[in-house]
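Structural characterization, general
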Amino acid sequence: MEKKFFDHIIHGGDYNPDQWINTPEIWDEDMRLMKLAHVNSATVAIFAWSLIEPEEGVYNFEWLDTMMDKLHANGISVILATPSGARPPWLAQKYPEVLRVEESGIRNEFGVRHNHCLTSPVYREKVRNINRILAERYKSHPALKMWHISNEYCGECHCELCQQAFRDWCKEYYHNSLDELNEKWWNGFWAHRMTDWSQINSPKFRGESHVSAMKLCWNRFVSESHISFYENEIAPLREITPDIPITTNFMKLYDGIDYQKFAKKLDLVSWDNYPAWDKGRNTDEALETAFVHDAFRSMKDGQPFFMMESTPSLVNWHDVNKLPKPGMQELSSIQAVAHGADSVQYFQWRKSRGGHEKYHGAVVDHCGHENTRVFRDVARLGKNLEKLDDVVGKYTDAKVAVIYDWENGWAVKHFCGFNNVNRSYSDECMKWYKPFLKKGIAVDVIPMDADFTKYDLVIAPFLYMLKDGTIERIEEYVKNGGHFAATYLSGLVDTDDRCYLGGFPAGRLKDVFGIWHEDTDSLPEGMKNKATFNGKEYDVVHVCDIIHSNGAKVLGEYKQDFYAGMPAVTENAFGNGKAYYAAFRNDDNFAADFCDMLIKAANVSPDAPINADNGVLIRKRGNCIFVMNFADEEKAVVLDKEYTDLISGNAVSGKVTLPVCGYMVIE
Amino acid sequence: MEKKFFDHIIHGGDYNPDQWINTPEIWDEDMRLMKLAHVNSATVAIFAWSLIEPEEGVYNFEWLDTMMDKLHANGISVILATPSGARPPWLAQKYPEVLRVEESGIRNEFGVRHNHCLTSPVYREKVRNINRILAERYKSHPALKMWHISNEYCGECHCELCQQAFRDWCKEYYHNSLDELNEKWWNGFWAHRMTDWSQINSPKFRGESHVSAMKLCWNRFVSESHISFYENEIAPLREITPDIPITTNFMKLYDGIDYQKFAKKLDLVSWDNYPAWDKGRNTDEALETAFVHDAFRSMKDGQPFFMMESTPSLVNWHDVNKLPKPGMQELSSIQAVAHGADSVQYFQWRKSRGGHEKYHGAVVDHCGHENTRVFRDVARLGKNLEKLDDVVGKYTDAKVAVIYDWENGWAVKHFCGFNNVNRSYSDECMKWYKPFLKKGIAVDVIPMDADFTKYDLVIAPFLYMLKDGTIERIEEYVKNGGHFAATYLSGLVDTDDRCYLGGFPAGRLKDVFGIWHEDTDSLPEGMKNKATFNGKEYDVVHVCDIIHSNGAKVLGEYKQDFYAGMPAVTENAFGNGKAYYAAFRNDDNFAADFCDMLIKAANVSPDAPINADNGVLIRKRGNCIFVMNFADEEKAVVLDKEYTDLISGNAVSGKVTLPVCGYMVIE
Amino acid sequence: MEKKFFDHIIHGGDYNPDQWINTPEIWDEDMRLMKLAHVNSATVAIFAWSLIEPEEGVYNFEWLDTMMDKLHANGISVILATPSGARPPWLAQKYPEVLRVEESGIRNEFGVRHNHCLTSPVYREKVRNINRILAERYKSHPALKMWHISNEYCGECHCELCQQAFRDWCKEYYHNSLDELNEKWWNGFWAHRMTDWSQINSPKFRGESHVSAMKLCWNRFVSESHISFYENEIAPLREITPDIPITTNFMKLYDGIDYQKFAKKLDLVSWDNYPAWDKGRNTDEALETAFVHDAFRSMKDGQPFFMMESTPSLVNWHDVNKLPKPGMQELSSIQAVAHGADSVQYFQWRKSRGGHEKYHGAVVDHCGHENTRVFRDVARLGKNLEKLDDVVGKYTDAKVAVIYDWENGWAVKHFCGFNNVNRSYSDECMKWYKPFLKKGIAVDVIPMDADFTKYDLVIAPFLYMLKDGTIERIEEYVKNGGHFAATYLSGLVDTDDRCYLGGFPAGRLKDVFGIWHEDTDSLPEGMKNKATFNGKEYDVVHVCDIIHSNGAKVLGEYKQDFYAGMPAVTENAFGNGKAYYAAFRNDDNFAADFCDMLIKAANVSPDAPINADNGVLIRKRGNCIFVMNFADEEKAVVLDKEYTDLISGNAVSGKVTLPVCGYMVIE
């Protein structure tokens, strides 16, 4: 499959000429440098509101007109940003309601970015207005190729407007029935039965902080508030520039917004990718970054996405900002493209002279010229990307899916019980994703309500909460021949965070898995159990479900504690498929061996018949195969036949040695 | 001695049928299951206010009538709770003054439990009213056997009403004299001399946070506010149901309320017992739990108490909730009975479906049936408890007391000086309690104003503050032949937290102990000194008093630092008794050897002539001897004669092997 | 050089007779004891406001009159304090505006000390008034020898008055030009361009927390507020008692006030010195304390200062308050004198009976008599100090300076980037100070705008920010023959915290140092690089500048990572001088060897020709040489000729052995 917005890989990034308005000679220098750097796109006007509208109703577009023209004249397309991510001081001063209120109940002062109420009618109107003016002004400008909405939506507000909006949300969600809300939130506990919608407030440390179902509602409400804020933003753009695609930049696995839901509203998903390279764990960092790429790719059924931000050198906001070795950022960029990115974009083109991000890496450093290692590296990559037109728009087919579901992540975060310390949901999902990637098998990372039928194998790590219909869909999938594997503490609560009655896992899943989960043990850091599987023994940490087989084949047992001898890994034939359960939180060795078995059982094979040493990751996209060495030493790759190396243009075959940070894109 | 409220050990716990009001079939199932579990009591209506009074002045008792009848019909007695621990949303909404204000000065919103102002006249009136109605309704119900007041009183409020109440409290405490307050709070320091009572505010981080005497007053005020809140609660109950005993559930060594003072107002002390078993320190956990049992038992002159809450499996609020091995909770329950509990009660009968505590252990799990390990364990214990009627109401005589005084704990917490890091008061007291328990010698845990005369030996660890009259009472006790041992930093301040002038320990105690305490050294973690005692050498950590003997016999000396050779352990003959001083914070080896000497000196002997391996604890209550194995392996016990094992009904004698978690109750 | 305020070393300290007003017999006892302790000065009336002015406009000076007379009659001079450090409760109650507002926006309640708004006109007026009354009353009292203004100025306030004052400050600082402010704060970033001065607020976590240039302004504003508060305080004193010198007590390297600027307004600098002795690092503690002494000495061009507070035994506010061994505090006091102190003063004369500091060490303990080790030690030191009249007022000449600049410290603290964890500025400066002190070479510790010309060698560790003119002054200094050494991340931003454009280090410094600093790597804790220098290899941690030589001689190279082989240490001949750059954060071994080379290059020699073992520090002041053993064992010293030991009066020569804590002052 294929879906293209551009003909070439986009190479560019955030460009803030507005910060240099007093030194316009730098603008011309930027044009010269962009061409040297093989940049073909610039994202402009993020955070430019205070320049565009210096006073209420007074607009200053001259500089932006000039810039749009200049970029166009230099063959650089423009991704134009809407400015809602940071409002001008006058706006906050005149309409204090636009600023956020924290849990304390105290309204923030003007400052930083974001920091706006998601509900405020005034702010929504001001945003709609400035967006309309932007769209009207540039709708016909030939440089305009895409809208970049706001910036890294995040956070929440507890003002009275948001309280009322949350109450309204609850009212609608619970069908105007307080009885339903009381039952779903289990308000009989601690005398919480409400008798009026006005009794609802946002969760907070100095109020209600212990009702997990309510906190789940708050997460849903906040997430939907962001989406509705976005829909308000884009209304004039859709009207005025219906053909210009729209995106906004997501932040990794940020859990304040259900990106899987939000993505449906975007023409194109994009995200900001900042791995911490060269801190002694590059292979894991690469695998975890790949997981995130695949999560974003999977949000729109595999459609290519944009890597809207990355750094050409280092960032400034890690605790310790190690400088990645030369080649590392190039490899990191190529990995994004391998996993479905159609862009390599930087934050930022030029380092700002002051402000919070003045030491965040950029293509052009404070020295201002092109004679830096970083600039040369960027230029080389830009040139290489120009050779990858064949990749643009291409999809990757995956036969394996790992469920990583935003809402389940919320439910996992909120519950109090079992192991309250070691239960990172994303770590667990990544653990079950990595073995496939290491073997060159593409994996989709999907929410629990995605279509399972296109996969041969679905893994559901720690699927604690089951949204409505999930039980039935799993049952149907396995009955029809699917392979479905779940891990500990799965199937405990329903979509409203209430425990299923009648035994775990929920309802018919007991039959699907052929087990009954009676109890759960938790192990403090430093305490371990052991489990067997296929004749080997594995460490067991953090969480151990105590399960009984009701017909499932026991593939592994616990070796210690009072539940020694009880099942730890099970397999159950159900209909035409099989369901597996790994009852414990386990180490990477177990995940690898267990996934090997699943791969064989589901008859899944690598995407490309290439053998490579450990540390080399292989990924097929369209007809191109990306071979990438993330190890700290050179590695060998054995090709099954002759290919063309798209970067060098040479034919390659047989055994190839990749240097550190080396990669090939072959066809 | 003996004091009984029931003829049998109470077996039951918190039961919340109000949470299941929409599924009444579960109520009948509960009756069936309770009988299977040998449950004879249920504590109902805790946190039921929002169901009982759904609107102001509108009452709904139908469900509770039904439940009382149902329980009675099934032979299960009812401990009826008053609902003040959590108010309905409508009440907080209509009368915001009932909610707490934190130190920030911001009023809390409705949420969680507790969270009520202790002073609010409105809340006190509402509580009195609902309690009156409850009492009127059920005063003649045959199931009603006891009142359970509110739930785990705790916390504090900083609202304007509480400020005024605190000012009034100070005014009364200081005899309407600001001069006295200024002198006692040493307000000359930092220009704090007050000229009007209205200048007093509660201590807080953003106000006065450094006046320890004031913080001590605040502790006393808050503690008395809880007691006065309680007295307001029970007034209608005393009036309407004068024959129904009253209790409330305390929380371990919670330091926000002076339980030793509060206990005087209860008919029966009860507490919630949640040891963290099977985390690798079971013997210490058992000894520390025993200390707490003995503290509660000692509060009403040895009168048996209730273990009002415990878990049949695990809790949900520890960081990591390890599942205790089978048998552990039974042993833990038996330990409570051994130390004076006349009940084994659980939080909770049935796991709630939602809410914060849905994963807290319960007799009936979410699966809803009796075929779980936990249910079977509870039922077996219930059956065993039925064989222990001989124990009910029985006292234990102790000839040794350890002073653990709530008010001293406050004073210790507040002072700034010496070792500000390592000075846990309760740890120090437990350290001096354990050696006796390990030898089968019963210990009372008493406040400093308890009667010393009934003991052969009194230990006063870290008795930093001396309430009025304590000096004289110690002097009198020793003069009359008592053995009294104190440890470091004892006798520094008076009841108002002012240092005694003229040298430490205070006043005549210098003569009683025959020492002068000139200075105190503190050792950071990792630095050690050494001290000798009886030819052995011990580690010295954290705190070292530098003392001089003024006639005391020096039993041990420091070995290092500039005070090497100075006394570290002393003994002083005074009148007919002896006073001992251990000048340093010491390890368990020293405590054991030093207590051995004290045991010999005071001529104290074990309660029962039974020898047992380490890890086995022996406790006599009435005529029954409890022999309990807390070790992680089987242990041997040698009986001095033939006994009857009350559980098995068999005769036992000679050497007996107890399995892990094994126990005997023999007579 | 010489400048004297007294003829003898002042020996005394904080004396609070106001706390003992109800026991005047203690006052007479104090006189007796002070004479025994060789005390010749008392600092009185700190925090006495609530006694002096018990009600608004009602004054009570009787006790102070008595005390002044009594001290005078006993030959003890008085340093009289102004009471602004803690106001009476009535004042805070009547004028709430005098209390501070924290970042939360919530006004503090009365409590602790300080805690006053720096701007409040009411508080300034009240302070001026009480100071005027004090000055009028005691202007002719013969005991009055010095004013001690307030106490340990510190902290900040965020009230509306301070907001307005900050806005006014900014307006003046930026020449009434918002354009200038917007450019200097780089407000184009994140749409922060301001259009009205009223849009400025103080930086805070719930508002603007990310604009480093603004935070730098806030630091400057707060610092100047303290100075202006002080100037308001002293106006009546200067008017009424023009001949009485004025000081206030500074707190070590407290970074809330630019002490280097404040010092210019004082007649005499004084500070409170509380090293943590005997925690296993005495030599380092001594070196770091010496650094602070030298920083205060350097603030008024080498003029002697007062050690206004120290403890005769221990403090109460360290986490763990180790008792220093006998002799340690005497050695510590002598060190102060060696480095320029003309006083040894204690906090406190007598331990208070209550309050927060009752366990802070004092000359007179709670026992109240002189028969304590501490009292005896103080008396012996007092007697010894009487023999050091020759030292009083004497200067020390230094040929080496280390730049430690308060404003640079602020800039270093605020920036976000590179290594955000390990970049303590004061640690770095101390690292470069210690090697000189260990060799007996005196060092001045100066701000960057001090005069360089009197030094042979100037070290500028981590000179991140350059105030206006600094580039030119460095260039001039080196051109004229000076030796100037800088370390990593120097010369990045200008006085407004904006990055220099055109390459680092800033502007012409690239020529002065002969290098270009292209990039900076940061190493997480545990990761190391290596660098060579003079044939040896050193550990490199935390920060590594990647530099190029543009003509500089490369003295050392990196050994690892992708910049192995690039310069790590350089030397550049420029004009008649040399400029050195150490590009990395390094260990003490490197600092020692590098300083050795600098010492040789700059031809600097030790102040006194005395050889001593490690751990012995040697310092010349005037004609006196202080030889001090800070090691934990006795140490040998070899004298070059015969000297007179001022303490013993004996002649000393040849090899002398100093015991632990031993010292000599020889002439």
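What counts and how
Residues numbered from 1 in each chain as written. Chains lettered and ligands numbered in written order. Predicted model: local features only at pLDDT ≥ 70, side-chain atom pairs only at ≥ 80, totals over all residues. Buried ≥ 20, exposed ≤ 12 C-beta atoms within 10 Å, placed from the backbone. Helix = DSSP H or I, 4+ residues; strand = E, 2+ residues; numbered from the N terminus. Pairing = 2+ DSSP bridges. Contact = placed C-beta atoms within 7 Å. Nonpolar A, V, L, I, M, F, W, Y, C, P; charged D, E, K, R; others polar. Expected span 1.5 Å × (residues − 1). Arc of directions from axis to C-beta. Axes fitted to C-alpha atoms, helices over the stretch in contact; angles between N-to-C directions. Least-squares fit on C-alpha atoms with pLDDT ≥ 70 in both. Core = buried A, V, L, I, M, F, W, Y, C linked by C-beta atoms within 7 Å. pLDDT = per-residue confidence, 0-100. Domains from an automatic or database assignment.

Residue and element names in this part refer to chain C. Counting buried residues in strand E16 (residues 515–522) gives six out of eight residues, a clear majority hidden from the surface. As judged from the seven bridges shared by E16 and strand E18 (residues 536–549), these two strands associate in the antiparallel manner. Bridge assignment links Ser 522 to a residue of E18, and that residue is Val 543.

Here the focus is the interface of chain A and chain C. Facing the 47 residues of chain A at the interface are 45 residues of chain C. At the level of secondary structure, the elements contributing two or more residues to the side of chain A that touches chain C comprise helix H2 (49–52) and helix H4 (89–94) of chain A. Across the side of chain A that touches chain C, the residue classes break down as 20 nonpolar, 15 polar and 12 charged.

All names here are of chain B. For helix H17 (residues 588–602), with 15 residues, the first-to-last C-alpha span of 20 Å sits near the 21 Å given by 1.5 Å per residue. Considered for burial, the residues of H17 that qualify are Phe 590, Ala 591, Phe 594, Cys 595, Leu 598, Ile 599 and Ala 602. Buried residues of H17 fall within an arc of 165° about the axis and therefore sit on the same side. Directly after H17, the chain includes Asn 603, whose backbone phi takes a positive value near 60°.

The next thing to look at is the sheet that holds strand E10 (residues 400–403) of chain A. Residue and element names in this part refer to chain A. Ordered in space as E11-E10-E12-E13-E19-E18-E17, the seven strands form an open sheet in which the pairing is mixed. Pairing within the sheet leaves two strands with one partner each, and these edge strands are strand E11 (443–446) and strand E17 (553–557). Averaged over neighbouring strand pairs, the angle between their axes works out to 15° when direction is ignored. Contacting strand E12 (457–460), strand E13 (483–487), strand E18 (567–574) and strand E19 (577–582), helix H15 (residues 470–479) crosses the sheet at an angle of about 125° to E19.

A separate point is the relation of the copies chain B and chain C. If you rotate chain B by 120° and push it 0.0 Å along the axis, it lands on chain C with an RMSD of 0.0 Å. The transformation relating the two chain copies, once decomposed into turn and shift, fits a three-fold axis.

A word on the interface of chain B and chain C. Between chain B and chain C, the residue contacts involve 45 residues of the former and 47 residues of the latter. The set of elements that each furnish at least two residues to the side of chain B that touches chain C consists of helix H8 (212–240) and strand E16 (515–522) of chain B. Take the side of chain B that touches chain C: its biggest share by element is four residues, from E16 of chain B. Residue composition of the side of chain B that touches chain C, grouped by class: 18 nonpolar, 17 polar and 10 charged.

The next thing to look at is the nonpolar core. Within the largest apolar cluster, 671 residues are counted, with the highest numbers of intra-cluster contacts made by Val 443 and Val 627 of chain A, Val 443 and Val 627 of chain B together with Val 443 and Val 627 of chain C. Apart from the residues within four sequence positions on either side, Val 443 of chain C is in contact with Asp 294, Ala 398, Val 400, Ala 401, Val 402, Tyr 433, Phe 436 and Leu 437 of chain C.

Quick look at the sheet that holds strand E11 (residues 443–446) of chain B now. Residues and elements named next belong to chain B. On the basis of which strands lie adjacent, the open sheet formed by seven strands has the order E11-E10-E12-E14-E21-E20-E19 and mixed pairing. Of all strands in the sheet, those bounded by a partner on one side alone are E11 and strand E19 (553–557). For this sheet the average axis-to-axis angle between neighbouring strands, irrespective of direction, equals 15°. The pairing of E19 with strand E20 (residues 567–574) spans four bridges and is classified as antiparallel. Following the sheet pairing, Glu 557 is matched in E20 by Pro 567. Of the strands in this sheet, strand E12 (457–460), strand E14 (483–487), E20 and strand E21 (577–582) are in contact with helix H15 (residues 470–479), which crosses E21 at around 125°.

For the bond running from Phe 504 of chain A to Pro 505 of chain A, omega is -10°, close enough to zero to count as cis. When you line up the elements, Pro 505 of chain A lands in the loop between E13 and helix H16 (509–513). The backbone of His 114 of chain A shows a phi angle near 50°, a positive value even though the residue is not glycine. With respect to the helices, strands and loops of the structure, His 114 of chain A is situated in the loop between H4 and helix H5 (121–138). Backbone geometry at Asp 278 of chain B places phi at a positive 60°, although glycine is not the residue there. Relative to the assigned elements, Asp 278 of chain B resides in the loop between strand E7 (270–272) and helix H10 (282–299).

Attention now moves to the confidence of the model for chain A. In the predicted model, chain A carries a mean pLDDT of 97, and 100% of its residues have values of at least 70. Confidence estimates for the predicted assembly give a pTM of 0.97 and an ipTM of 0.96.

So, on to the domain arrangement of chain A. Residue and element names in this part refer to chain A. Domain boundaries in chain A define domain 1 (10–159 + 212–391), domain 2 (400–602) and domain 3 (611–666). A C-alpha centroid distance of 37 Å is found between domain 1 and domain 2. Across the contact, 17 residues belong to domain 1 and 21 residues belong to domain 2. Elements with a minimum of two residues in the side of domain 1 that touches domain 2: helix H8 (212–240), helix H9 (259–262) and helix H10 (282–298). Considering each element in turn, the side of domain 1 that touches domain 2 owes the most residues, seven residues, to H10. Of the residues assigned to the side of domain 1 that touches domain 2, the class counts are eight nonpolar, four polar and five charged.

This part takes up the environment of Pro 326 of chain B. Residue and element names in this part refer to chain B. Tracing the chain through its elements places Pro 326 in the loop between strand E8 (305–309) and helix H11 (328–338). Residue class for Pro 326 comes out partly exposed when judged on the 16 C-beta atoms lying within 10 Å of it. For the pair formed by Pro 326 and Ser 313, sequence separation is 13 residues and the distance between their alpha carbons is 8.7 Å.

Here the focus is the environment of Cys 429 of chain C. Mapped onto the elements of the fold, Cys 429 of chain C is located in helix H14 (residues 425–438). Expressed as a C-alpha distance, the spacing of Cys 429 of chain C and Ala 263 of chain C, which sit 166 residues apart in the sequence, is 20 Å.

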